[in-house]
Amino acid sequence: MKLRLHNYWRSSASHRVRIALGLKNLEWEYVVVDILKGGSAGGGGQHDLGYRTMNPMAQVPTLEITEDDGRVHTLTQSLPIIEYLDERFVDPRLLPVNLEARAHARAVAEMVNSGIQPLQNLSTTNKVGAIGGDVKTWVQGFITRGLAAIEEAVAGNSRFCVGDAPTIADCCLVPQVHSARRFGVDLAGFPRIVAIAAACEALPAFAAAQPDRQPDAIAAR
Ligand SMILES: N[C@@H](CCC(=O)N[C@@H](CS)C(=O)NCC(=O)O)C(=O)O
């Protein structure tokens, strides 16, 4: 079996899947989709027909799986991709066995996935800018609101978002913290989130998945 991740260094949804692949200790190939300047028209490789055939939302990431018998599957949406990886490669578990802990991990992941990230995504901020909105204020406001909710949701846990090992929730939170820093969000009010992100980044899988360490980031320097 071969795994190819179509992704972009600065994409937080791609970052989530890179972390999960690392936590599962899987080998995979990095396929660059430059969502800013790539593609045949130079307006982003996600809009190319070939890519959109795999990912109809024209977004990264897409995971391409080639089985040993030649069958190819393409999976989209970072959270279903992470759940697929967790079901196929069981160890270590990214979704806790305990029912309530699992629902809680999914809830924190979803707070990032649907409560914050779509509001900071390129296609959204382009539209906000196009109608004369202040993109920075827009993005900072939604990230701050979402992180404030997550700060409460992870209260009572110490090292990671849920339980004593990284879960799908941490796979989502750490990229969101990267984005928050990139957009200049003040994290002083979120000590638990900052501590969880630091504990995660000390682990090799999280360190290797960091945006700045990806081949397309290095090539762009
Ligand atoms: N829910 C999707 C979100 C994917 C997404 O929004 N990807 C962004 C980068 S983080 C993207 O491709 N943006 C390109 C665009 O908006 O044109 C997932 O989790 O995979």
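What counts, and at which threshold
Residues numbered from 1 in each chain as written. Predicted model: local features only at pLDDT ≥ 70, side-chain atom pairs only at ≥ 80, totals over all residues. Heavy atoms only, no water. Domains from an automatic or database assignment. Contact = heavy atoms within 4.5 Å. Buried area = accessible area lost by both parts, 1.4 Å probe. Helix = DSSP H or I, 4+ residues; strand = E, 2+ residues; numbered from the N terminus. Polar contact = N/O pair within 3.5 Å; in protein donor to acceptor, adjacent residues only side chain to side chain. Pairing = 2+ DSSP bridges. Buried < 20%, exposed > 50% of the residue type's maximum accessible area, 1.4 Å probe, protein only. Near = heavy atom within 4 Å. Areas by Shrake-Rupley, 256 points an atom, 1.4 Å probe, with all protein chains shown as cover. Nonpolar A, V, L, I, M, F, W, Y, C, P; charged D, E, K, R; others polar.

1. Remarks on the domain arrangement of the protein chain
Here is step 1 of the chain: Considered domain by domain, the protein chain is made up of domain 1 (2-91) and domain 2 (99-206).
Here is step 2 of the chain: A C-alpha centroid distance of 21 Å is found between domain 1 and domain 2.
Here is step 3 of the chain: Opposite the 16 residues of domain 1 that make contact, domain 2 presents 20 residues.
Here is step 4 of the chain: Between domain 1 and domain 2, roughly 1500 Å² of surface is buried when both sides are summed, and carbon and sulfur atoms account for 66% of that area.
Here is step 5 of the chain: Contact with domain 2 buries area across many residues of domain 1, yet Arg16, Ile19 and Leu79 alone supply 37% of it, more than any other trio.

2. Points about the side chain of glutamate 64
Here is step 1 of the chain: Locating glutamate 64 in the fold gives a position in strand S3 (residues 62-66).
Here is step 2 of the chain: For glutamate 64, the side chain forms a polar contact with the side chain of histidine 6, separated by 2.7 Å.
Here is step 3 of the chain: Those residues within four positions of glutamate 64 in sequence are excluded, and the remaining contacts are Lys2, Leu3, Arg4, His6, Met54, Val72, His73 and Thr74.

3. Brief notes about the pairing of strand S4 (residues 72-76)
Regular strands have side chains that alternate between both faces of the sheet.
Here is step 1 of the chain: In this structure, S3 lies alongside S4, joined through five bridges in antiparallel fashion. When the sheet's bridge partners are listed, leucine 63 is paired in S4 with leucine 75.
Here is step 2 of the chain: Remark: five residues form the turn of the hairpin made by S3 and S4, two consecutive strands paired antiparallel; glycine 70 in that turn has positive phi of roughly 95°.

4. Re the pairing of S3
Here is step 1 of the chain: Burial analysis of S3 places four of its five residues in the buried class, which makes it a mostly covered element.
Here is step 2 of the chain: Relative to S3, strand S1 (residues 2-7) is paired through five bridges, and the arrangement is antiparallel. In the strand pairing of S3, lysine 2 is matched with threonine 66.

5. Brief notes about the site of the ligand
Here is step 1 of the chain: Around the ligand there are 16 residues in total, and Gln46, Val60, Gln77, Ser78 and Gln117 lie nearest to it.
Here is step 2 of the chain: Arginine 16 is positioned with one of its side-chain polar atoms (N or O) 3.3 Å from an oxygen atom of the ligand.
Here is step 3 of the chain: A distance of 2.8 Å separates an oxygen atom of the ligand from a polar atom in the side chain of glutamine 46.
Here is step 4 of the chain: Here the ligand, which alone exposes 510 Å², has 92% of that area covered by the protein.
Here is step 5 of the chain: Listed by contribution, the elements that provide at least two residues to the shell around the ligand are helix H1 (12-23) and helix H6 (122-130).
Here is step 6 of the chain: The element contributing the most residues to the shell around the ligand is H1, with three residues.
Here is step 7 of the chain: Looking at side-chain class alone, the shell around the ligand contains five nonpolar, ten polar and one charged residues.
Here is step 8 of the chain: Each of domain 1 (2-91) and domain 2 (99-206) accounts for three or more of the residues forming the shell around the ligand.

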